[in-house]
Structures are given as C-alpha cells and as structure tokens.
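Examining the three-dimensional arrangement
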Amino acid sequence: MSAHDAVPVSLAEIARIAGVGRAAVSNWRRRHESFPTRIGGTDVSPQFSLAEVEQWLRDNGKLSDIGGRELLWPRFEALGNRNESGLAIAEAARRMRSPRARIAHPELSAQARDLVAQAAKAGREEGPRETFEFLLQRWLETHVRQLSTTPPQLAALMARIALAVRLGPAQGGLTLLDPACGTGHLAAAVVQEYDGPGLEILACERDPAQAALTAGRLEFLAEGRDIRTRTATADTLRDDPFAEAKVDIALCNPPFNERDWGYEELATDQRWTHGLPPRTEPELAWVQHLLSRLKPGGAAVVVLPPAVASRKAGRRIRGSLLRTGALRAVVSLPPGSAQPHSVSLQLWVLRAGPDGPAATPPSQNALLVDATRFARSGTREPSPDWGGLSSFVLTSMATLDQVDQMPPKGAARVPLLDLLDDEVDVTPGRYTATVAEPTRKELACKWEGFGALLTDLADHARRLSALDFEARTSPTTTTVGELVKAGALTLRAGQQPPEPTATADGPAVPLLTITDLLHDGTPRGVVPTGSAPTIAEEGDVVVAGVARAFKAWVHEGQPMALGPQLYILRVDAEKLEAHFLAGCLCAPANGRQAGTHASSSSRVDIRRLQVLQLPLEKQTAYADTFRRLRAFEEALTAADGSGRGLVSDMSDRLAAGRLTT
C-alpha cells in the first residue's frame, strides 16, 4: 500500500466527504459488511484508509454530488507539517492559475509535489478560487491554536475606519500596507470595502507558509480587477522590504508582547520620531513603523493589547503621539473580537499630518470610544455583537473631525490637556460614560417594573409552594425511544444545512444552533426554506442534545430550522401533551442520566430520556404546573437583571454624593 493509500480519515471526515451526518456513517459501518475495516485509531475514534473509503463511497453511489475538494484535505493534513501543508496549498494555487509555472518552493517533498498536482487538477475542474479558499479555510481551522488571525468582521471594520479617516482623495488609486499580514485577512477586507480606481497592496509576513498563502489569496482576489499585489517574506521591523514605499492606508494586527523585536540593532532607526520604544513596548515600535510609511494625510488602524494605552514605560511616546496629532482615536473592543479572546483589545487610529498650504495645526483633542458594551450577553465564550459594534464605532468616527458634532454616548472627544498628565493613559473607559444615566422619571419606572416582577414572583411562589408531593416512590416511566416505537411521537435530528448565512435571498427560515443556545437563544442565521431538512413547527418539543446546553421546550411562533445536536419531538396529541413531555425531559436529573458524563460537551442520548407514564387527562395537570414553573424561572431571571441594574444606577448616584438629606 502506498503512502497515498494509507492516508487516515476519521468517521467525522468521512461524513464530511459524503455530505452526511456522522450517525449515517456509523450506520453504514454497522449495516454493510463491505465497509472498509479500521486501520488505526481507537474503538471510540477509529481511522480508515482514505483510498478505501473513497472507493467504497463510489461503489455505493455516495459520491455522486460530492466535489473532489472534500477528498483533498485529508491528504494535505497527512503531510503532518504545518509549514509544508501551507506551502503545498499555496503552490497548488499557483498551478491552478498557471499550469506550467515553475515550482516556487523546491523544498517541498515528493509526496507534497504529487499532492500539488492533484489539487491543481481538481481546482481547474471545480473552480480554482473556490478550491483554494476551501483548502485555506481547512488549514486555518486545523492550526487555529498556532495562528493568530483577524476575524473577517474586525478586518472589515478596520478597513472602513481607515478609508473614512484618511484625508483627501488617493492620487491615481489607493495603496495599502499590511506589514504583518498573516494569511491576508486585512488585505482581503480592503479589496471588499474599497470601490475606487486602482488598488496596490503591499503585504509582508515573516512566516513563509502564511506569506505564500497570502500571495495566493491576493492573486485570486486581483483577477479581473485593477489590483496590483506584492507579498514579501521578511521580518518587517528588522528588514522592511517596502522601506521606500509611502501608502494611503495601513492596517496591522501585529504580534503581541514580543521582547526580541530588534531593540538593540534598531536603537538608532529613523522611524522612532516619537522616541525609542522601550524593550518591553514592541507594540509602540509597530505604531511608529506604520506612521513612517504613511503619505501626508494617510491613516493607519492597528490592533493592540489594552495595556499599551496605560503602561508607564510607554507614556513618553504616547504623549508625543498625542501632541503631534498622530494618535487620533482609541477604540476599546469587547472581549472575543480577536485573539486572545478573553482580552478587551483596542484599535488605535493613526493619521499622518497633511502637508502643503492646506496643512492645519494638530488637533487639540483625541476621540476615545468605549465599545466594550457590545459583547453578547449570556454567552459561554466571548462574542461581540458585530452589527451593533460596527455601527457604533463608525458613527463615532464620523465625528472625528467635526468639532460641532457630538460623539454618541460611549464616545468622547477628550482635550489633550486632560490626557497629557503624568500617566498619559488613553484607555477609553476612563473618559467615557458607556451607559446613559436614567432620568428621575425613568428610574421611578424601573422601580415600578421591578415591583411588578416581585409581585409575579410572589404569586408564582405562593401557588408552587402550595403543591403537595407524595413521599418518594418508584414511578412508572418510559423512554423517548419506547414512545417513538409506540407511535406516541416522532423523533427527528437537526442537521447542518449546506450554506447557513446571516441573510438569505428569497423564502428563508431562522436557523437555531447549539452555539445560539449558549449565547442567548436567538437564532443568528437563516437558511433557504428548501434547503432546511429539519423544521420545528409550532407545538413541537425541541431538545438540545449537548450536556452543557441541555434544554427542552415547546416551540412557539414561526417555523425554525434546527442545526446539529438539536432534535424535534412531534407528539400525537391523542397520546401525549407537549408541555408535559417538555417538562419531564428538561428535568436536570434526566439529562444527567442520559448523558455520557464524559465532559460538559458530551452528547445526551435523546432516546434514553425518561418520561412519566400517565393517562392524557393527568398529563394536563402536570403540564399546567410545568408551565408555571417555567414562568417562575423567567420572572426570576428578569427580576435578577432588573435588580442588578437598579443597584448599579443607585450606586452611581450615591457615590457621586447626590443623596438629598
């Protein structure tokens, strides 16, 4: 068996290749004796030969509508080395565009070169750009812990800020610089956002694989457009390949906290016009590097850790940036905006002063924007509300040079006299009020609403506390699986639609996923009606089959598509009451008993969930009580949020000495 034949794939990868769920692959394995035998892995996570799997799928008609690119990625992953697989994907991109091009990376192994030829052939058959983007995305997902990429939403916001803040029209087109480009997310965002004549992109990255992937990505983006690209592999601070270039805009998400950035050898560098960056302040070296490459009136936006705004070692440089008008704005982002996701990163907006007769004295203020409130509430992992965040930041930026226009709440135009103190701290939260203080009437209404919630809680509590429970008995129960066999309900599993998106053309339904449940329960995507395989109708019981998000409820409202690990239970109304079923299922003990106990991300076996066996007339009484219990829970949550808000409002007033005595 050749190395090509021995490429291993997991059940999940086979499911992806075949375009089905993992459960379907497990069923094939049990039902078909001809299914390939395991070549590695464990009983829980077996691995199979890709060549044997491909042949079996073809022989059984499972590959009729599946593109060849799904079969490519396991072979790239089998190369084992991140750099070699990345360079091979970039080389394949070159071959897709120019089949006779000479190899640009002779260090690639024979196995990698053979794979490049296969990928180039598949790309020319199925679409070069689509095939490259597919392989690039898989590469990024596989090596996510080793790479720091800029999320597309943040990249788009940075591009819009830079385009809005720069002064004057670009002469003969626009020139962009990204001196630490990674895999080209920021440059790709500018291509998307800029609609003017002519665009030149200068990109630099010291990691050879990422630089090669950026080059391939930009060449695809430039096809059919007036775009010129130059990508270099170099350490920008030590050896800038674009040292003579002057650009209209610059975007950068530089490496953070790097002590070995060239402090000794660059001590006399001419870029440090605002002062030599201390050894512990490499981010301020990147800031000054960007400024040195801007044309007069050019703008730069850079992602920085929040400590750069306040660390003592950098206060002299921060002061110079403010006095000269180079630092025009600082934006505090909510956690989750970019890696590291637990930190509230900042955007620094820089601008080179204009020259000539139209030049004006440096501004006497800086715009500080606190956008941290745009974090989604109730999320397990930090996640911004990108729509609200972008709208707020861009609205704030529109007031940057409009002295007669007030910034929105949460942003402030702060005089330099207030910033140039002993600390020169430009952290936005120190100068902005992110929440408008309620008026006396609004505060009274809040107390009135809180009182109404307490009344509801007391009513629910009185009714629920009056319930009488029998001594512990051994009730007669059945399982969801048995109810399905008896025809009392039908069970359907949610699936991942082909193309879930934020919007859709034509008839569409909301798509609910486990991730949405871990946030606030609101569906974030939509799918075309015809492509949604699992639709929850009003009155269906929906169950989340993951331990960390275990939940069951009766769906109300318009139809809704369900993603993986969500399930629909549709009851026979003559045998089961939906609210009774949901109440039984969502009992915490039920989820613990049916779960795998492996971890908080383990699956819950829906068919093992227990349900009381009661006649329909008795189910109604239980259903009413379950409804009241849920109403009590909702009122309790609302009262908690309302009460905490009142504590905050009152504390601010008291701390400001505004109590009348």
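Note that the structure is predicted; figures quoted are calculated from it, not measured.

Scoring rules and cut-offs
- Residues numbered from 1 in each chain as written.
- Predicted model: local features only at pLDDT ≥ 70, side-chain atom pairs only at ≥ 80, totals over all residues.
- Heavy atoms only, no water.
- Pairing = 2+ DSSP bridges.
- Helix = DSSP H or I, 4+ residues; strand = E, 2+ residues; numbered from the N terminus.
- Axes fitted to C-alpha atoms, helices over the stretch in contact; angles between N-to-C directions.
- Parallel < 35°, antiparallel > 145°, perpendicular 65-115°, else oblique.
- Left-handed = near helix turned anticlockwise from the far one by under 90°.
- Contact = heavy atoms within 4.5 Å.
- Nonpolar A, V, L, I, M, F, W, Y, C, P; charged D, E, K, R; others polar.
- Buried < 20%, exposed > 50% of the residue type's maximum accessible area, 1.4 Å probe, protein only.
- Polar contact = N/O pair within 3.5 Å; in protein donor to acceptor, adjacent residues only side chain to side chain.
- Phe/Tyr/Trp six-rings, centres within 6.5 Å; stacked < 30°, edge-to-face > 60°.
- Core = buried A, V, L, I, M, F, W, Y, C linked by side-chain atoms within 4.5 Å.

Further remarks concern the pairing of strand 3 (residues 46-49). Examined bridge by bridge, strand 1 (residues 8-10) and strand 3 share three bridges and lie antiparallel to one another. Directly across from Pro8, in strand 3, lies its bridge partner Ser49. Pairing of strand 2 (residues 40-41) with strand 3 involves two bridges; the strand directions are antiparallel. From the neighbouring strand, Gly41 faces strand 3, where its bridge partner is Pro46. Here strand 2 folds back onto strand 3, and the loop between the two strands holds four residues.

Following both chains from N to C, one finds helix 4 (residues 69-77) and helix 7 (residues 128-142) inclined at 40°, their axes separated by 10 Å at the closest point. Comparing the axis directions of helix 4 and helix 7 gives the class oblique. Relative to helix 7, helix 4 is oriented so that their crossing is right-handed. Contact residues: helix 4 offers Arg69, Glu70, Leu72, Trp73, Phe76 and Glu77, while helix 7 offers Glu130, Thr131, Phe134, Leu135, Arg138, Trp139 and Thr142. Broken down by class, the residue content of the contact of helix 4 with helix 7 amounts to six nonpolar, two polar and five charged.

A word on the sheet that holds strand 8 (residues 294-304). With mixed pairing, nine strands are arranged side by side in an open sheet as 6-5-4-7-8-10-9-11-12. Each having just a single partner strand, strand 6 (227-233) and strand 12 (411-415) make up the two edges of the open sheet. Here the average twist between neighbouring strands, direction ignored, is 15°. Direction of pairing for strand 7 (residues 247-252) relative to strand 8: parallel, over a ladder of five bridges. Paired with Val247 across the two strands is Leu294, which belongs to strand 8.

Counting buried positions along helix 18 (residues 578-585) gives seven out of eight residues, so the element sits mostly inside the fold. When we look at burial in helix 18, the residues that qualify are Ala578, Phe580, Leu581, Ala582, Gly583, Cys584 and Leu585. Between the side-chain oxygen of the N-cap and the backbone nitrogen of His579 there are 2.6 Å, and the N-cap of helix 18 in question is Glu577.

Moving on: the packing of aromatic side chains. This model, assessed by the stated rule, comprises nine aromatic pairs. Taken together, a centroid distance of 5.7 Å and an interplanar angle of 45° make the contact between Trp28 and Trp56 tilted. Of this pair, Trp28 sits in helix 2 (residues 22-31) while Trp56 sits in helix 3 (residues 50-59), placing them 28 residues apart in sequence. There is no split in this pair, since Trp28 and Trp56 are both buried. A ring pair is formed by Phe580 and Tyr622, whose centres lie 6.2 Å apart and whose planes are at 80°; its orientation type is edge-to-face. Of this pair, Phe580 sits in helix 18 while Tyr622 sits in helix 20 (residues 616-655); the two residues are 42 residues apart in sequence, bridging distant segments of the chain.

Moving on: the nonpolar core. Counting residues in hydrophobic clusters, the biggest one holds 49 residues, and the most contacted among them are Ile161, Val190, Leu251, Leu347, Val393 and Met397. Looking at this core element by element, the count peaks at eight residues for helix 8 (residues 152-165). Once residues lying within four places of it in the same chain are set aside, the contact partners of Ile161 are Val301, Leu347, Val349, Val393, Leu394 and Met397. In this structure, Leu291, Leu327, Ala352 and Val414 belong to the second largest nonpolar core, which totals 44 residues.

Just distances and angles here, no functional claims.
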